[in-house]
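# Fold and contact review
Chain residues, written in single-letter form:
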Amino acid sequence: AQRVTQPEKLLSVFKGAPVELKCNYSYSGSPELFWYVQYSRQRLQLLLRHISRESIKGFTADLNKGETSFHLKKPFAQEEDSAMYYCALSPNQAGTALIFGKGTTLSVSS
Amino acid sequence: DVKVTQSSRYLVKRTGEKVFLECVQDMDHENMFWYRQDPGLGLRLIYFSYDVKMKEKGDIPEGYSVSREKKERFSLILESASTNQTSMYLCASSSPGQGGSKNIQYFGAGTRLSVL
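In this text the structure is predicted, and so the values were computed from the model without any measurement.

Looking now at the interface of chain A and chain B. Contact with chain A, which involves 19 residues of that partner, is made by 21 residues of chain B. Inspection of the chain A/chain B interface yields zero salt bridges. Here chain A is connected to chain B by five residue pairs in polar contact (both at pLDDT 80 or more). Within the residue set of the side of chain A that touches chain B, elements represented by two or more residues are strand 5 (32-38), strand 6 (45-49) and strand 9 (83-90) of chain A. Considering every element that reaches the side of chain A that touches chain B, the biggest residue donor is strand 5 of chain A, with four residues.

Here you go:
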């Protein structure tokens, strides 16, 4: 079955601490993976995608096909990173929808 | 800049009412989606459409229907609203074509529906 798992509902860290938001997926083909973010009172928006291999707002994510993971990392958390983060998978087939995890709330405090 | 507009930010309806949630996108996207967002449950797909007049059931279609008569507009209909449909509803659109924006979903601001 196609599935995206985010094991943590809530992750609380102090400002300046490293952050890792976990994402594991179950899919037999070659998926495309995304991280979406929703800041307070803002719409859900794309943070990054694995094919771009770029760093956005200091966040990076590497697709590990062996471990079927796509963890989101940032070396030094900032208070403005506090938000809800969703990992999502695209089956890369026409006429299909993204499969979202249940989300992780990141809380960064000073 | 892609724009997905949902007609209402907040709606309050009574049990049994027929409710229409409207969504319009301005990027000529083929795909459009309706989700509901609930704490602890994440985003759950209700319906999606990959072309005009085409629709596919998502994970939780019961109690909902959709309409897509024009490419830019995708409507979610609650035939007879119930209290368990109180939620945040998100509309999204995407293009399955080639290029940098392939498969990226763009979201509306959401409609918070309360059914009393």
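Residue and element names in this part refer to chain B. On the basis of which strands lie adjacent, the open sheet formed by four strands has the order 1-3-8-7 and antiparallel pairing. Both edges of this open sheet fall to strand 1 (4-6) and strand 7 (64-70), since each of them pairs with a single strand only. Strand-to-strand, the axes of this sheet are offset by a mean angle of 20°, without reference to chain direction. Pairing geometry for strand 1 and strand 3 (residues 19-25), over three bridges, is antiparallel. The residue bridging Val 4 from the neighbouring strand is Gln 25, located in strand 3.

Residues and elements named next belong to chain A. Within strand 5, seven of the seven residues are buried, which leaves it mostly tucked inside the rest of the structure. Here strand 5 shows no split at all, with Glu 32, Phe 34, Tyr 36 and Gln 38 on one side and Leu 33, Trp 35 and Val 37 on the other all buried. Relative to strand 9, strand 5 runs antiparallel, the two sharing seven bridges. By the bridge assignment for strand 9, Val 37 is matched with Tyr 85. Hairpin remark: strand 5 followed by strand 6, antiparallel, with six residues in the connecting loop; positive phi at Arg 41, about 65°.

Residue and element names in this part refer to chain B. Relative to the assigned elements, Ile 46 resides in strand 5 (residues 42-49). Ile 46 gets classed as buried once you look at its relative accessible area, which sits at 0%. For Ile 46 and Ser 87, which are 41 residues apart along the polypeptide, the C-alpha to C-alpha distance reads 12 Å. Not counting residues within four places of it along the chain, the set of residues in contact with Ile 46 comprises Trp 34, Tyr 35, Arg 36, Lys 57, Gly 58, Asp 59, Ile 60, Pro 61, Tyr 64, Leu 76 and Tyr 89.

Residues and elements named next belong to chain B. If you walk through the whole model with that rule in mind, you get eleven aromatic pairs over all chains. Relative to Phe 107, the ring of Tyr 35 has its centre 5.8 Å away and its plane inclined at 40°; by these criteria the two rings are tilted. Taken together, the residues span a long stretch of sequence, with Tyr 35 in strand 4 (residues 31-38) and Phe 107 in strand 10 (residues 106-107) at a distance of 72 residues. Residue classification places Phe 107 among the buried residues on the basis of a relative accessible area of 3%.

How each quantity is defined
Residues numbered from 1 in each chain as written. Chains lettered and ligands numbered in written order. Predicted model: local features only at pLDDT ≥ 70, side-chain atom pairs only at ≥ 80, totals over all residues. Heavy atoms only, no water. Contact = heavy atoms within 4.5 Å. Salt bridge = Lys/Arg side-chain N within 4 Å of Asp/Glu carboxyl O. Polar contact = N/O pair within 3.5 Å; in protein donor to acceptor, adjacent residues only side chain to side chain. Helix = DSSP H or I, 4+ residues; strand = E, 2+ residues; numbered from the N terminus. Pairing = 2+ DSSP bridges. Axes fitted to C-alpha atoms, helices over the stretch in contact; angles between N-to-C directions. Buried < 20%, exposed > 50% of the residue type's maximum accessible area, 1.4 Å probe, protein only. Phe/Tyr/Trp six-rings, centres within 6.5 Å; stacked < 30°, edge-to-face > 60°.

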